[in-house]
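Reading the structure
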Amino acid sequence: MAWARWGGHPWLVLLCAYAWGHPKSLDQREDVRNCSSSPPYLPVTAVNTTAQLTALRQQMYTQNLSAYIVPDTDAHMSEYIGEYDQRRAWITGFTGSAGVAVVTMEKASLWTDSRYWTQAERQMDCNWELHKEVGTTPIVTWLLTEIPVGARVGVDPFLFSINSWESYDKALQDSDRELVSITVNLVDLVWGSERPPVPSEPIYALQEAFTGSTWQEKVAGIRSQMQKHHKAPTAVLLSALDETAWLFNLRGSDIPYNPFFYSYTLLTDSSIRLFANKSRFSSETLQYLNSSCTGPLCVQVEDYGQVRDSVQAYTSGDVKVWIGTSYTSYGLYEVIPKEKLLEDTYSPVMVTKAVKNSKEQTLLRASHVRDAVAVIRYLVWLEKNVPQGTVDEFSGAEQLEKFRGEEEFFSGSSFETISASGLNAALAHYSPTKELHRKLSSDEIYLVDSGGQYWDGTTDITRTVHWGTPSAFQKEAYTRVLIGNIDLSRLVFPAATSGRMVEAFARKALWDVGLNYGHGTGHGIGNFLCVHEWPVGFQSSNIAMAKGMFTSIEPGYYLDGEFGIRLEDVALVVEAKTKYPGTYLTFEVVSLVPYDRNLIDVSLLSPEQLQYLNRYYQIIREKVGPELQRRQLQEEFSWLQWHTEPLTARAAPTASLAPLVTVSALAILGWSV
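Named according to an unreviewed UniProt entry, the protein chain is Xaa-Pro aminopeptidase 2 originating from Bos indicus.

Focus on the sheet that holds strand β14 (residues 341-344)
Taking strand neighbours across the sheet as the criterion, the 6 strands line up as β12-β11-β10-β8-β13-β14 in an open arrangement whose pairing is mixed. The open sheet has two free edges, formed respectively by β12 (299-302) and β14, since each of these has just one partner strand. Sheet twist, expressed as the mean angle between neighbouring strand axes with direction ignored, is 20 degrees. Taken together, the 2 bridges between strand β8 (residues 235-238) and strand β13 (residues 321-324) define a ladder with parallel strand orientation. Counterpart to alanine 235 in the pairing with β13 is valine 321. Taken strand by strand, helix α8 (residues 215-228) contacts β8, β10 (264-268), β11 (272-275), β12 and β13, and its axis lies near 60 degrees from that of β10. The sheet strands contacting helix α11 (residues 307-314) are β8, β10, β11, β12 and β13, and the helix crosses β11 at an angle near 155 degrees.

Side note on the pairing of strand β5 (residues 152-155)
Each regular strand displays side chains that alternate between the two surfaces of the sheet. Where strand β1 (residues 67-70) meets β5, 2 bridges bridge the pair, whose relative direction is parallel. Across the sheet, residue tyrosine 68 finds its bridge partner in β5, namely glycine 154. Sheet topology note: the β5/strand β6 (residues 178-181) ladder contains 4 bridges and is parallel. Looking at β6, one finds that glycine 154 is bridged to valine 180. Regarding the hand of the β-α-β motif, the stretch spanning β5, helix α6 (residues 162-173) and β6 is right-handed.

Quick notes on the packing of helix α14 (residues 358-385) against helix α18 (residues 607-630)
Packing of α14 against α18 leaves a shortest axis separation of 10 Å and a crossing angle of 70 degrees. By the angle between their axes, α14 is roughly perpendicular relative to α18. Where α14 crosses over α18, the handedness of that crossing is right-handed. Within the contact between the two elements, α14 uses Val369, Ala372, Val373 and Ile376 and α18 uses Lys623, Val624, Glu627 and Leu628. Residues of the contact of α14 with α18, tallied by class, amount to 6 nonpolar, no polar and 2 charged.

Description of empty space enclosed by the protein
Applying the stated criterion to the full structure yields 2 cavities of 30 Å³ or more. Of the voids in this model, the largest cavity is the one considered here, and its volume is about 90 Å³. Partitioning the lining of the largest cavity into residue classes produces 4 nonpolar, 5 polar and 6 charged. Approximately 40 Å³ is the volume attributed to the second largest cavity. Taken together, His368, Asp371, Ala372, Thr459, Asp460, Ile461, Ser591, Leu592 and Val593 make up the full set of residues lining the second largest cavity. Ranked by the residues each element gives to the lining of the second largest cavity, the list is headed by α14, at 3 residues. Residue classes in the lining of the second largest cavity are distributed as 4 nonpolar, 3 polar and 2 charged.

Considerations on the sheet that holds strand β20 (residues 461-466)
Across the sheet, which stays open at both edges, the 3 strands sit in the order β16-β17-β20 with antiparallel pairing between neighbours. The open sheet is flanked by β16 (418-421) and β20, the only strands paired with a single partner. Neighbouring strand axes in the sheet, compared pairwise and without regard to direction, differ in orientation by 10 degrees on average.

Examining the state of the cysteines
Scanning the entire structure with this criterion turns up 2 disulfides. Here cysteine 293 engages in a disulfide with cysteine 298; their sulfurs sit 1.7 Å apart. The sign of the -100 degrees torsion about the S-S bond sets the cysteine 293-cysteine 298 disulfide as left-handed. Residue cysteine 293 is classed as partly exposed on the basis of its relative accessible area of 29%. On the basis of relative accessibility, which here comes to 7%, the residue cysteine 298 falls in the buried class. Here the bonded cysteines of the protein chain are numbered in sequence order, and their pairing is 1-2, 3-4.

So, how was this worked out
- Residues numbered from 1 in each chain as written.
- Predicted model: local features only at pLDDT ≥ 70, side-chain atom pairs only at ≥ 80, totals over all residues.
- Heavy atoms only, no water.
- Pairing = 2+ DSSP bridges.
- Helix = DSSP H or I, 4+ residues; strand = E, 2+ residues; numbered from the N terminus.
- Axes fitted to C-alpha atoms, helices over the stretch in contact; angles between N-to-C directions.
- Contact = heavy atoms within 4.5 Å.
- Right-handed = clockwise from strand over helix to strand, strands pointing away.
- Parallel < 35°, antiparallel > 145°, perpendicular 65-115°, else oblique.
- Left-handed = near helix turned anticlockwise from the far one by under 90°.
- Nonpolar A, V, L, I, M, F, W, Y, C, P; charged D, E, K, R; others polar.
- 1 Å grid on protein atoms, 1.4 Å probe; cavity = no way out; pocket = protein on both sides within 12 Å on 5 of 7 lines; lining within 4 Å.
- Points joined across faces, edges and corners; volume = space filled by probe spheres on them.
- Disulfide = S-S within 2.5 Å.
- Buried < 20%, exposed > 50% of the residue type's maximum accessible area, 1.4 Å probe, protein only.

Right under this line is the structure:
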């Protein structure tokens, strides 16, 4: 799934259809609402928010607030949030995944990016103004025009990262306004009994067969890092949901597409405190956690809501708490004295989790073999049914999930499937619905980006296909995207190189002819955890590549209003074999589904790229072929054999791009060439 721009919605179809049909740019066209008419005109999809805004303003009045900010996250800075935390959606009526709401005593405004402008206009009533920009600066600029000097702006500190709080706080202080931390969320008070219930499904322990280490071994490893650290932390505070899930080998179902449960952990040098809803643990799970004792390897399960008070009490002593600032909310940060803090961008658990041990690597590889079976079954099914005119984007996505659901250890999708035909494929994160979708056609490109959660691993793969006669430009664009995938996948680079330093390899073939793509090139991936697992990837905020990390590699190309192409594989960082001594790394691709032969222009491939591709196809045959035969999926096996036949150059190959790519990368690295 293309990194850094997640959250696709069917409303994007409306947005782009509107944009392509009108000469004005999106930010210049008129709002689909007409709030100045009498009576105001609103789409039937608009939500009446008068009652909730009136009630919220009453709460603001009691707190002496001139404004209240409602962000789009939860207390753990999660990518996906549960229904229980959809505060911004409830107060505004707007259900898009990105946007910040601000309410004053007279006005209510929403800030969101261009993906959601039409959706917001169709879902919000005339109580709300839409601002077509994002970031702290435009919100603060607006606030300064709407509230007087000396005014108080309220926030729930648990819904603000440390950086977000500090950014708002500085900007408001510089203008003589005050940012106020209010730990009781005002939207929650207003939401009342209408709010979805707190999740209550069981929290369970993974079977040992699906874990790389016992939780006791993981705890010992983190404590060892604490002891060796020169600043001698006495505790590690974990806020991200996947941190606690990984540390204890526990899973839940509180968050869509993620097997997590609401939790925090305070791991000290002599105790372990897990903050969660204790009633959700079975007696067997509590026994598994040694919760009935009080020793250094006994997990004390405490109430989730007590974490702030417990952290504050702990830090009254002679202690030092190690945190990862990326996922720690200001609600916890503000109660820890600064002299008792050890701050890193990512916690030691987040960094340790990123490097998979040999067992975890084996588990992830196995999940990708089974996932390949499901995707291949889907591609075969499409080839048979699309020409009949019986498949649309939504029914196709449902069929793919059905195939995955028949695989062993499957536990749901890892994100909302991107099933996009023709012009919809140009939207990097479009997802269809039962109401809004297009028919699949043999005359159009089809892009499917999907993944599964399995007990042994998380998967994410994108394939782009065309069943008819693609244009010469479509074939060229596809092949150049494929070249980018190949060149990055076969790259050999020094150990401890950061992903951002080599990301250009995925873009070079596109750049050569003036093409590019607007999303990230890859992201980390977990073992039955996050499909977007920080801090691995190719962005500036990612940590250096290390042996044992898994990352996606996913270049693409998108032509607005016509088609989109993305080829995504998950790859393991492994040690490279080099002619001369040295510590070098490369990638081992673990996604095992062939690319579309119909879209490959072999004449654009260098001999090295062609050799790599044929070797990859041989690996697919060796790993997936036997599984298809074991399952007696003969039609799919025959399809696989055909689609992994070795490719041969049909024309004199162009000069190898390898030297040019190497020079480009060395220049980016700052090395002399």
